[in-house]
Amino acid sequence: MDLNNYEKLLDKAYEKIPENVRQSSRFEIPKVETRIESRNTFITNFNKIISTLNRDKNHFKGIFLKKAGTMGEIRGQQLFLKGQYKDQVLNKLIENYTKTYVLCNICNKPDTQIQREGKKLYLKCTACGAREEIKEK
Ligand SMILES: [Zn+2]
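Because the structure is a prediction, the values reported are computed rather than measured.

Participant: Just checking my understanding: could you explain the overall build of the protein chain for this structure?
Facilitator: When you go through the protein chain residue by residue, the secondary structure sums to 4 helices and 7 strands. Starting at the N terminus and ending at the C terminus, the protein chain contains elements arranged as α-β-β-α-α-β-β-α-β-β-β. Classification of the 137 residues of the protein chain by burial places 16% in the buried group. Contacts spanning at least 24 positions in sequence make up 44% of the contacts within the protein chain whose residues lie at least 6 apart.

Here's what the structure looks like:
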């Protein structure tokens, strides 16, 4: 084998690695976009957040409202919250939800599904195969 060619191949192989790593770490939760109306808060990009997290919107809503300590409901593409909330507070709540219910504990990828077994919830990861019980924080 031509040594030059071999080195070129190696270079090519190495070039591919960072690209793959970049792809898997590309998962980013969209930051909330909000609108305050009559002292209530609308998360206007709620649908986008839900589709990125790839979770059931009612599951998300239930936990999110409980953690926010308020009432609210899904209104079309938006999530309505009773009360005024700062974006950073909402972003933090979404981040916490994501850590518990979306990201795999083992490989940290978002390619997961929630599985229910009796009263227990498990996070099944389709990327690494791990299946961990979800512990609510
Ligand atoms: Zn995993």
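Participant: Honestly, the nonpolar core in this entry has me stumped. Any pointers?
Facilitator: Proteins that are soluble and globular tend to have nonpolar side chains buried together. Ile43, Phe46, Ile49, Ile50, Leu53, Phe60 and Ile94 are the most contacted members of the largest nonpolar core, which has 14 residues in total. The set of elements that each furnish at least two residues to this core consists of α2 (46–53), α3 (57–68), β4 (78–81) and α4 (87–101). When residues in this core are grouped by element, the largest group, 4 residues, is from α2. Apart from the residues within four sequence positions on either side, Leu53 is in contact with Phe60, Thr98 and Val102.

Participant: Before we go on, may I ask you to explain the pairing of strand β2 (residues 40–43) in this structure?
Facilitator: The side chains of a regular strand alternate, first on one face of the sheet and then on the other. A one-sided burial pattern is seen for β2, the buried positions being Thr41 and Ile43 and the unburied ones Asn40 and Phe42. Pairing between strand β1 (residues 34–37) and β2: 4 bridges, direction antiparallel. The partner of Ile36 across the bridge, within β2, is Thr41. Two successive antiparallel strands, β1 and β2, enclose a turn made up of 2 residues, where Ser38 displays a positive phi of approximately 45°. Judged from the 3 bridges that link them, β2 and β4 form a sheet pairing that is antiparallel. Each residue of the ladder has a partner; that of Thr41, found in β4, is Leu81.

Participant: When you look at the pairing of strand β6 (residues 120–125) in this model, what are you seeing that I'm missing?
Facilitator: Here strand β5 (residues 112–117) runs beside β6; their pairing, made up of 6 bridges, is antiparallel. What sits directly across from Thr112, in β6, is Cys125. Once β5 ends, the chain turns through 2 residues before running back antiparallel as β6, passing Gly118 with a positive phi of about 60°. Sheet topology note: the β6/strand β7 (residues 131–133) ladder contains 3 bridges and is antiparallel. Considered in β7, the bridge of Leu123 is made with Glu132.

What counts as what
Residues numbered from 1 in each chain as written. Predicted model: local features only at pLDDT ≥ 70, side-chain atom pairs only at ≥ 80, totals over all residues. Helix = DSSP H or I, 4+ residues; strand = E, 2+ residues; numbered from the N terminus. Buried ≥ 20, exposed ≤ 12 C-beta atoms within 10 Å, placed from the backbone. Contact = placed C-beta atoms within 7 Å. Core = buried A, V, L, I, M, F, W, Y, C linked by C-beta atoms within 7 Å. Pairing = 2+ DSSP bridges.

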